[in-house]
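Notes for the structure review
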Amino acid sequence: MIGDNLPSRQEVVDLYKTNGIGRMRIYYPDEEALQALRGSGIELIMDVAKETLQSLTDSNAATDWVNKYVTAYSQDVNFKYIAVGNEIHPNTNEAQYILSAMTNIQNAISSANLQIKVSTAIDSTFIAPPSYPPNDAVFTSDAEPYVKPIIDFLVRNEAPLLANVYPYFAYANDQQNSIPLAYALFTQQGNNDAGYQNLFDAMLDSIYAAVEKVGASNLQIVVSESGWPSEGGGTGASIDNAGTYNANLISHASGGSGTPKRPGGSIETYLFAMFDENQKQDAETERHFGLFRPDKSPKYQLSFN
């Protein structure tokens, strides 16, 4: 949504339907988007805005938030998960609010008799380097005391952990040039010495290994973001690579093979992002993760079914 040239919320929902895209993530409760989603059947991850996290440590404020943004729409918007915090790192000011806010949001949802799971989204910086082989991975010494109570909460509530998994960044930031492009793009033939054919599975399994080591061997992980930039000057950022990565990710995630640590079954995965975002800050590549251009034309052909 971080652009000044994007289509209306209703046009976006229509574009989802036209392409058979059945799930969406929005990063704050955008009421225009919620109105457009009414009756669409699209499953929704809705984040709590970062600026709101502290206020939701008050249970009354959390109840008001759920009433305003969830209950009011729940008859005809298909909420799947509420994400309380996206990539909130352990040493940041917001970290102290996450578990309390998650608890209060979950209590408010339960009180409203809604079947919606509450979680939070982490990224791969929570895993201590080196995270290879994946079986040896652990949370960093900073992350473990922060994330363990959150994981305990998720296990109690039978909710998944959300994780943003980006082989692109691992590849682009690889100073030793030890990661082959084919391994990052799912095009490598054969397995490496740890039994992996692609970087996505290795990164996801390293999170599974870390989660197991804090006692949550049955916790499911949902990949709440993954993608590849089509331009912007970053290493490997090109239309060809972005199209290859996203097409192969869709095929792999839906193909039923799972990962070496979690074989069998599809991997619930969300592609970042629907559109290029011309007002995004940070590196130029950050503005070019869209699968579609702002005029709704696809950058490359993907089948979402």
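Note that this is a predicted model, so its numbers are computed, not measured.

**Some remarks on the environment of Lys-280**
- Looking at where Lys-280 falls in the secondary structure, it is placed in the segment after β7 (269-271).
- When its relative accessible area of 16% is taken as the criterion, Lys-280 is described as buried.
- Sequence separation of Lys-280 and Asn-67 is 213 residues, and the distance between their C-alpha atoms is 31 Å.
- In contact with Lys-280, not counting residues within four places along its chain, are Ile-2, Phe-272, Glu-286 and Arg-287.

**A look at the packing of aromatic side chains**
- Under the criterion given, the structure shown has 16 aromatic pairs.
- Positioned over the ring face of Tyr-208 is Arg-262, at 4.2 Å from the centre of the ring.

**Points about unusual backbone geometry**
- Each neighbour pair has its own omega, and for Pro-129 with Pro-130 the value is -10 degrees, a cis peptide bond.
- With respect to the secondary-structure elements, Pro-130 resides in the loop between β4 (117-123) and α5 (143-156).
- With omega at 0 degrees, the peptide bond leading from Tyr-132 into Pro-133 counts as cis.
- Positionally, Pro-133 belongs in the loop between β4 and α5.
- One non-glycine residue, Glu-87, lies in the positive phi region at around 55 degrees.
- Along the chain, the position of Glu-87 falls in the loop between β3 (78-86) and α4 (95-111).
- Given a relative accessible area of 28%, Glu-87 falls into the partly exposed group.

About the thresholds
Residues numbered from 1 in each chain as written. Predicted model: local features only at pLDDT ≥ 70, side-chain atom pairs only at ≥ 80, totals over all residues. Heavy atoms only, no water. Helix = DSSP H or I, 4+ residues; strand = E, 2+ residues; numbered from the N terminus. Buried < 20%, exposed > 50% of the residue type's maximum accessible area, 1.4 Å probe, protein only. Contact = heavy atoms within 4.5 Å. Phe/Tyr/Trp six-rings, centres within 6.5 Å; stacked < 30°, edge-to-face > 60°. Lys NZ or Arg CZ within 6 Å of the ring centre and 35° of its normal.

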